[in-house]
Amino acid sequence: MSKMRAFVISEPGGPEKLELMEVERPLAKPGWVLIRNRAFGLNRSEWFTRRGDSPSVSFPRVLGIECVGEVVAAMDSDLESGQTVAAIMGGMGRDFDGSYAEYVLVPRDIVFPLQTELELPVLAALPEMLQTVHGSLYTGLEIGRAQNILIRGATSSIGFASIAIAKSAGLEITATTRNLAKADELLAAGAIHVIEDKGSISLQARKLYSPGFDRVLELIGTTTLLDSLQSCRPGGIVCMTGILGGEWVLPEFAPMDAIPTGVKLTSYSGGAMDITQAQLQQYIELVEKGALNIRMGPRFAFTELQQAHALMDENRANGKIVITLDP
Ligand SMILES: NC(=O)c1ccc[n+]([C@@H]2O[C@H](COP(=O)([O-])OP(=O)(O)OC[C@H]3O[C@@H](n4cnc5c(N)ncnc54)[C@H](OP(=O)(O)O)[C@@H]3O)[C@@H](O)[C@H]2O)c1
């Protein structure tokens, strides 16, 4: 049987728990696509899983919920060998082994054939990020009917991509960070206001927009959600997409007190089916043309995966981290 290199995690912990090993290369099977992995973006959810905060993921596991590369084998499928594809989520790196490996075997329905001139490490930053932002902004927040938006946790990769897409949709953007040293980067990305986020910003929000914001994208999560609801105007929408604050559960939730009259609360939990192949292709073409300016984070070689995770530990990426594999 052929071998490949993969980072396997056998128990939760720090970046050193991701161990580079020789493992068996997966074999093609009907309904599944074998992909030669060329590059992949790192995701916060992998970081949570590494730390042992994803109870549904059992170890040992090869993590990694997305990748881009070439089709090696696609039995019973319309895909051709050598075709450029992206694969996103659908249990990848959670229910079955994922993209921290040279080859990945994934179900056909999470594979997106793509045509692009972008180099693969740039392409790799986009699929999961675009799917999440597209789902949050259009399905969750219905931004087509809004003029302004507050993005909490805006220096995250999802935050920067949300700024780019909300800006291209013509919204006025207010961004938050705990670290005002990052304000210039947020302004350069397209925010018109930056707020220092220590957890309670609703008074500042109402100074900027007296009825409250039209839309709030909540990436910090339950630790700031109640304050986000107070920052939104009646008729506005708050969408919880992220949990950067690290807490899944609100310890006390009294809806009549917590949700102001007329404010709508929703969430976006994400899935590959939430964006079509055509929509993803369209976004990628906008990036190619320079019409959608998505901020990229640092790149690492495959063997440097532990360093990349350490950077995520320190919140120093300021954009999507991409791991590249040898051509
Ligand atoms: N629902 C979905 O489908 C979906 C999909 C993808 C990602 N997500 C979620 O979206 C969020 C962003 O993901 P990402 O990969 O873009 O993150 P990321 O780039 O790793 O985010 C890094 C940023 O998070 C902020 N941060 C870290 N810890 C924080 C804390 N305790 N409180 C407030 N801010 C904190 C830091 O901002 P400052 O230091 O500047 O404050 C840092 O710059 C995550 O919660 C992720 O799980 C959801």
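The structure presented is a predicted model; accordingly, all values stated were derived computationally and were not measured.

**Student:** Quick rundown of the overall build of the protein chain? Include the residues and the values.
**Tutor:** Scanning the protein chain for helices and strands turns up 10 helices and 15 strands. Radius of gyration (C-alpha) of the protein chain: 20 Å, near the 20 Å computed for a compact globule of 327 residues. Dimensions of the protein chain along its principal axes, counting C-alpha atoms only, are 65 × 40 × 35 Å. Expressed as a percentage of the 327 residues in the protein chain, the buried residues total 47%. Within the protein chain, contacts between residues at least 6 apart in sequence are counted, and of these 66% link residues at least 24 apart.

**Student:** Give me the domain arrangement of the protein chain: which residues, what numbers.
**Tutor:** Interfaces are often sized by the amount of accessible area the parts lose when they come together. Along its sequence, the protein chain is organised into domain 1 (3–126 + 296–324) and domain 2 (128–267). One C-alpha centre belongs to domain 1, the other to domain 2; they are set 28 Å apart. In this assembly, 12 residues from domain 1 lie in contact with 9 residues from domain 2.

**Student:** Any chance you could break down the packing of helix α3 (residues 127–140) against helix α4 (residues 157–168) for me, citing the residues and the numbers?
**Tutor:** Following both chains from N to C, one finds α3 and α4 inclined at 60 degrees, their axes separated by 9 Å at the closest point. In this view, α3 runs oblique relative to α4, as classed from their interaxial angle. As α3 runs across α4, the sense of the crossing is right-handed. For the pair α3 and α4, contact is made by M129, L130, T132, V133, S136 and L137 and by S157, I158, A161, S162, I165 and A166, respectively. Of the residues belonging to the contact of α3 with α4, the class tally is 8 nonpolar, 4 polar and no charged.

**Student:** Describe in detail the pairing of strand β15 (residues 320–324), supporting the description with residues and values.
**Tutor:** Along any regular strand the residues' side chains alternate between the sheet's two faces. When you tally the buried positions in β15, you get 4 out of 5 residues, the bulk of the element. When strand β14 (residues 296–301) meets β15, the two strands line up parallel, connected through 4 bridges. Within β15, the position partnered with R299 by the bridge is V322. Following the backbone out of β14, through helix α10 (residues 305–313) and into the adjacent parallel β15, one traces a crossover that is right-handed.

**Student:** Tell me about the pairing of strand β12 (residues 232–240), residues and numbers included.
**Tutor:** For β12, the buried fraction is high: 7 of the 9 residues fall into the buried class. Both strand β11 (residues 213–218) and β12 contribute to a ladder of 5 bridges, which runs parallel. By the bridge assignment, L217 is partnered in β12 with C239. This β-α-β element, β11 to helix α7 (residues 222–230) to β12, shows right-handed connectivity. Direction of pairing for β12 relative to strand β13 (residues 264–267): parallel, over a ladder of 4 bridges. Looking across to β13, one finds that M240 is bridged to S267.

**Student:** Before we move on, could you go through the sheet that holds strand β8 (residues 148–152) and cite the residues and values that matter?
**Tutor:** The strand order across the open sheet formed by 6 strands is β10-β9-β8-β11-β12-β13, and the pairing between neighbours is parallel. Looking at strand neighbours, the two that pair on one side only are β10 (193–196) and β13, the edges of this open sheet. Going from strand to strand, the sheet's axes swing by 20 degrees on average, the running direction of each strand aside. Bridge analysis of β8 against strand β9 (residues 172–177) gives 4 bridges, and the strand direction is parallel. Paired with L150 across the strands is T174, a residue of β9. Its contacts with the sheet put α4 on β8, β9 and β11, and the angle it makes with β9 is roughly 170 degrees. Together, β8, β11, β12 and β13 form the strand contacts of α7, whose direction differs from that of β12 by roughly 155 degrees.

**Student:** Let's hear about the environment of Y283: which residues, and what values?
**Tutor:** Residue placement: Y283 occurs in helix α9 (residues 277–289). Y283 gets classed as buried once you count the C-beta atoms within 10 Å, which come to 24. For the pair Y283 and C239, spaced 44 residues apart in the sequence, the C-alpha separation amounts to 22 Å. When near neighbours in sequence (up to four residues on either side) are disregarded, Y283 contacts L130 and L292.

Definitions and limits used
Residues numbered from 1 in each chain as written. Predicted model: local features only at pLDDT ≥ 70, side-chain atom pairs only at ≥ 80, totals over all residues. Helix = DSSP H or I, 4+ residues; strand = E, 2+ residues; numbered from the N terminus. Rg over C-alpha atoms; globule rule 2.2 N^0.38 Å. Buried ≥ 20, exposed ≤ 12 C-beta atoms within 10 Å, placed from the backbone. Contact = placed C-beta atoms within 7 Å. Domains from an automatic or database assignment. Axes fitted to C-alpha atoms, helices over the stretch in contact; angles between N-to-C directions. Parallel < 35°, antiparallel > 145°, perpendicular 65-115°, else oblique. Left-handed = near helix turned anticlockwise from the far one by under 90°. Nonpolar A, V, L, I, M, F, W, Y, C, P; charged D, E, K, R; others polar. Pairing = 2+ DSSP bridges. Right-handed = clockwise from strand over helix to strand, strands pointing away.

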